[in-house]
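# Structure at a glance
The chain contents come next:
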Amino acid sequence: MSRALRDTVCRIGRAVARGVGSIVRRFAAANRALCRACERRFPRFFGFPSYQSELRRRVAAKLAQSAREVLEIGGIDRPFLAKAAGFHYVGMDIEDKPRCHEVYDRFVVQSVEQPIDGAYDLVLSITLLEHVADNDASIASIFGALRPGGETHHYVPGKGHPYALALRLVGSGWQKRLIGLLRRDEDARVSGYPAYFHRCTVVAMMRLFEDAGFEDVHATSYYRANDYFAFLFPAFVAITAFENLCRRFGWSYFASGFVISGRRPK
């Protein structure tokens, strides 16, 4: 095949791929619109409380107790809190971006699996621990970073939810491509990190906290991650029905995620 012919075939192939991609994105957008309409029409079936309100309540309770040193792990440049005069806000992740040094009082680049320098009154994370290969090490590291009486609060996606199963099946590389195609391009920009889901069930994580030395360990399960399937309305409805069933019978293994907390003894 001549070079000119190869170039022509490649151009045609790219044009076809762009056309197919555009059709798929429009199809997914139409399905998302239908899913949003059903959520508004049938909130009792499709709706469920967000984990964020519970996590904010637990974090706010600790801040009200005069927590002075706060560490957020995995927040990169999207912090859960805002800098405030009442506490010193430290961020930590395996990479940094220019904005990290603006939204935190201090930013550290390292893995949570490594020993953490400093002593903190509060350590928190959101959708971090599923990306850690060794959570035995990460929970031990968090325990060591807390002052006596310090608390840790985390939102952890569950490994038994259909989304987590699908994610492990397609892998992080395809995940980023598919999220950009089937959801929104901005979702793909903050997704695609390898996910291991090591110990990411309520029972396993609570046991891990207790073995590390934490006391007053408690977890609250959540069952709503149907938005990942909103690109196809039948899948969205089927996943929502499954989530409602799991919530009804308290099957925490299949939870979309859970808020887990613990305190280092004084």
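In case you missed it, the structure is sitting above this.
In what follows, the accompanying structure is described. (Residues numbered from 1 in each chain as written. Predicted model: local features only at pLDDT ≥ 70, side-chain atom pairs only at ≥ 80, totals over all residues. Heavy atoms only, no water.)

### What to know about the pattern of salt bridges
This structure, assessed with the given rule, holds 10 salt bridges. In this structure, R36 engages E39 in a salt bridge whose closest nitrogen and oxygen atoms are separated by 2.6 Å. Here the residue R36 and the residue E39 both occupy positions in helix 1 (residues 3–41), the gap between them amounting to 3 residues, near one helical turn. For R36, a relative accessible area of 23% corresponds to the partly exposed category. The partner of R224 in a salt bridge is E243, with the nearest N and O atoms 2.7 Å apart. (Salt bridge = Lys/Arg side-chain N within 4 Å of Asp/Glu carboxyl O. Helix = DSSP H or I, 4+ residues; strand = E, 2+ residues; numbered from the N terminus. Buried < 20%, exposed > 50% of the residue type's maximum accessible area, 1.4 Å probe, protein only.)

### So, the nonpolar core
L71, I73, I116, I139, I142, M205 and F214 are the most contacted members of the largest nonpolar core, which has 32 residues in total. Among the elements of the structure, strand 1 (69–73), strand 2 (88–93), strand 4 (120–126), helix 5 (135–145), strand 5 (146–157), helix 6 (162–182), helix 8 (202–212) and strand 7 (257–263) are those that each provide at least two residues to this core. Among the nonpolar cores identified, the runner-up in size contains 19 residues, and I76, Y89, L122 and L124 belong to it. (Core = buried A, V, L, I, M, F, W, Y, C linked by side-chain atoms within 4.5 Å.)

### Observations concerning the packing of helix 5 against helix 8
Contact geometry for helix 5 and helix 8: axes closest at 9 Å, N-to-C directions at 50°. Between helix 5 and helix 8, the interaxial angle falls into the category oblique. Where helix 5 crosses over helix 8, the handedness of that crossing is right-handed. Judged by residue contacts, N135, D136, I139 and F143 of helix 5 engage M205, L208, F209 and A212 from helix 8. (Axes fitted to C-alpha atoms, helices over the stretch in contact; angles between N-to-C directions. Parallel < 35°, antiparallel > 145°, perpendicular 65-115°, else oblique. Left-handed = near helix turned anticlockwise from the far one by under 90°. Contact = heavy atoms within 4.5 Å.)

### What about the sheet that holds strand 5?
Spatially, the 7 strands line up as an open sheet ordered 3-2-1-4-5-7-6, and their pairing is mixed. Strands at the two margins of the open sheet, each flanked by one partner only, are strand 3 (106–109) and strand 6 (215–222). Across the sheet, the axes of successive neighbouring strands diverge by a mean angle of 15°, strand direction being ignored. Direction of pairing for strand 4 relative to strand 5: parallel, over a ladder of 6 bridges. Bridge pairing in strand 5 links L124 to H153. In this fold helix 3 (residues 51–63) packs onto strand 1, strand 4, strand 5, strand 6 and strand 7, with an angle of close to 170° to the strand it touches most, strand 5. (Pairing = 2+ DSSP bridges.)

### What about the side chain of T201?
Relative to the helices and strands, T201 resides in the loop between helix 7 (185–189) and helix 8. Within the structure, T201 has its side chain in polar contact with the backbone nitrogen of A204 (distance 3.2 Å). Setting aside anything within four residues of it in sequence, one finds T201 in contact with K159, Y253 and F258. (Polar contact = N/O pair within 3.5 Å; in protein donor to acceptor, adjacent residues only side chain to side chain.)

### Brief notes about helix 8
For an α-helix, the turn length of 3.6 residues means that residues three or four places apart are oriented alike. Listing the buried residues of helix 8 in full gives V202, A204, M205, L208 and F209. As for helix 8, its buried residues are in contact with helix 5, strand 5, strand 6 and strand 7. One or two steps after helix 8, the chain reaches G213, where phi turns positive at roughly 115°.

### Considering helix 9 (residues 233–249)
In a regular helix each residue adds 1.5 Å, so 17 residues correspond to 24 Å; helix 9 covers 25 Å between its end C-alpha atoms and thus fits that length. Those residues of helix 9 that fall on the buried side of the exposure criterion are F236, I239, T240, E243, N244 and C246. Looking down the long axis of helix 9, one finds its buried residues gathered within 165° of arc, a one-sided arrangement. Facing away from the buried side of helix 9 by more than 90 degrees, the exposed set consists of P234 and R248. Directly after helix 9, the chain includes G250, whose backbone phi takes a positive value near 65°. (Expected span 1.5 Å × (residues − 1). Arc of directions from axis to C-beta.)

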